[in-house]
Amino acid sequence: MSPVDIPVSKLFPCCCEGEFVNIGQVAKLSGVSAKMIRHYEATGLMSKVARTQAGYRHYTERDIYTLRFIRRARVAGFGSSQIRRLLSLWYDHQRPAREVKQLASEHLVELQAKIMELQAMAAALSQLMAHCQGDDRPHCPILETLAGTDSVAERDFVHDVLVSEEWKTQKF
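Anyway, here's the lowdown on the structure attached to this text. Owing to the predicted nature of the structure, the values given are computational and were not obtained by experimental measurement.

What counts as what
- Residues numbered from 1 in each chain as written.
- Predicted model: local features only at pLDDT ≥ 70, side-chain atom pairs only at ≥ 80, totals over all residues.
- Heavy atoms only, no water.
- Helix = DSSP H or I, 4+ residues; strand = E, 2+ residues; numbered from the N terminus.
- Buried < 20%, exposed > 50% of the residue type's maximum accessible area, 1.4 Å probe, protein only.
- Contact = heavy atoms within 4.5 Å.
- Patch = residues over 30% accessible without salt bridge, like charges linked within 9 Å, V, L, I, M, F, W, Y side chains within 5 Å.
- Areas by Shrake-Rupley, 256 points an atom, 1.4 Å probe, with all protein chains shown as cover.
- Salt bridge = Lys/Arg side-chain N within 4 Å of Asp/Glu carboxyl O.
- Axes fitted to C-alpha atoms, helices over the stretch in contact; angles between N-to-C directions.
- Parallel < 35°, antiparallel > 145°, perpendicular 65-115°, else oblique.
- Left-handed = near helix turned anticlockwise from the far one by under 90°.
- Nonpolar A, V, L, I, M, F, W, Y, C, P; charged D, E, K, R; others polar.
- Disulfide = S-S within 2.5 Å.
- Core = buried A, V, L, I, M, F, W, Y, C linked by side-chain atoms within 4.5 Å.

1. Observations regarding the overall build of the chain
Looking only at helices and strands, the chain features nine helices and two strands. Out of the 172 residues in the chain, the part that is buried amounts to 28%. For the chain, long-range pairs separated by at least 24 residues make up 53% of all intrachain contacts whose partners lie at least 6 apart in sequence.

Here is the structure:
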């Protein structure tokens, strides 16, 4: 069992006694790097934490659980704005579960669209690789297509990827 899966009170009893932990300890307990913890605080994904007179951050048990929540939401592919909304729902014990399910449903649709986009990219790359001999000659249809100089591979690339339905709605 990893430290991030064990209840904080068992790993670090002082958290339950109203004591604070520093950023290194909270990084270890939450599974989130110190750099990302600072980023989450700077962007408002997590609230500002108490500081000592010397400016060191002091975290509570709640902060550790919040960071664990953020880490798990990131692993599930949620973006910052979605995580912010999920956190507000998590903190609100009167929330209707339908709001959480709706957010998850919307995210699932986004993930499925991303999967289709990645499949189209893989098909296009596979098509480009089929035109490349992969030998010692300098001629490379993959590079020429990416540069826009190989008309045969370019035609296939444009047809298979750029004209496909999945790519018509993409923003670059």
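Structure's up, so let's keep going.
2. Section: a nonpolar patch on the surface
A grouping of Tyr65, Trp90 and Tyr91 is seen on the molecular surface, where their side chains present a nonpolar patch of about 260 Å² in accessible area. Along the polypeptide, Tyr65 turns up in helix H4 (residues 61–75).

3. Some words on the packing of H4 against helix H5 (residues 80–91)
Where H4 contacts H5, the two axes come as close as 10 Å, and the packing angle between them is 135 degrees. By the angle between their directions, the pair H4 and H5 is classed as oblique. Every pair of crossing elements has a handedness; the one defined by H4 and H5 is right-handed. Every residue of H5 that contacts H4 at Arg62, Tyr65, Thr66, Phe69, Ile70, Ala73 and Arg74 is listed here: Ser80, Ile83, Leu86, Leu87, Trp90 and Tyr91. The residue inventory of the contact of H4 with H5, partitioned by class, reads nine nonpolar, two polar and two charged.

4. Structural notes on the state of the cysteines
One pass over the structure, following the stated rule, counts zero disulfides. No disulfide involves Cys132; its nearest neighbouring cysteine sulfur is the one of Cys140, lying 4.1 Å away. By relative accessible area, Cys132 is classed as partly exposed at 22%.

5. Let's talk about the nonpolar core
One finds Val26, Ile37 and Tyr59 to be the most contacted residues of the largest nonpolar core, which totals 21 residues. Elements supplying a minimum of two residues to this core: helix H2 (23–30), helix H3 (34–43), H4 and H5.

6. Considerations on the packing of H2 against H4
Relative orientation of the contacting elements H2 and H4 amounts to 50 degrees, with a least axis distance of 9 Å. Judged on the interaxial angle alone, H4 and H2 are oblique. By crossing handedness, the relation of H2 to H4 is classed as right-handed. Contacts between H2 and H4 involve Val26, Leu29 and Ser30 from the former and Ile64, Leu67, Arg68 and Arg71 from the latter. In terms of residue class, the contact of H2 with H4 is built from four nonpolar, one polar and two charged.

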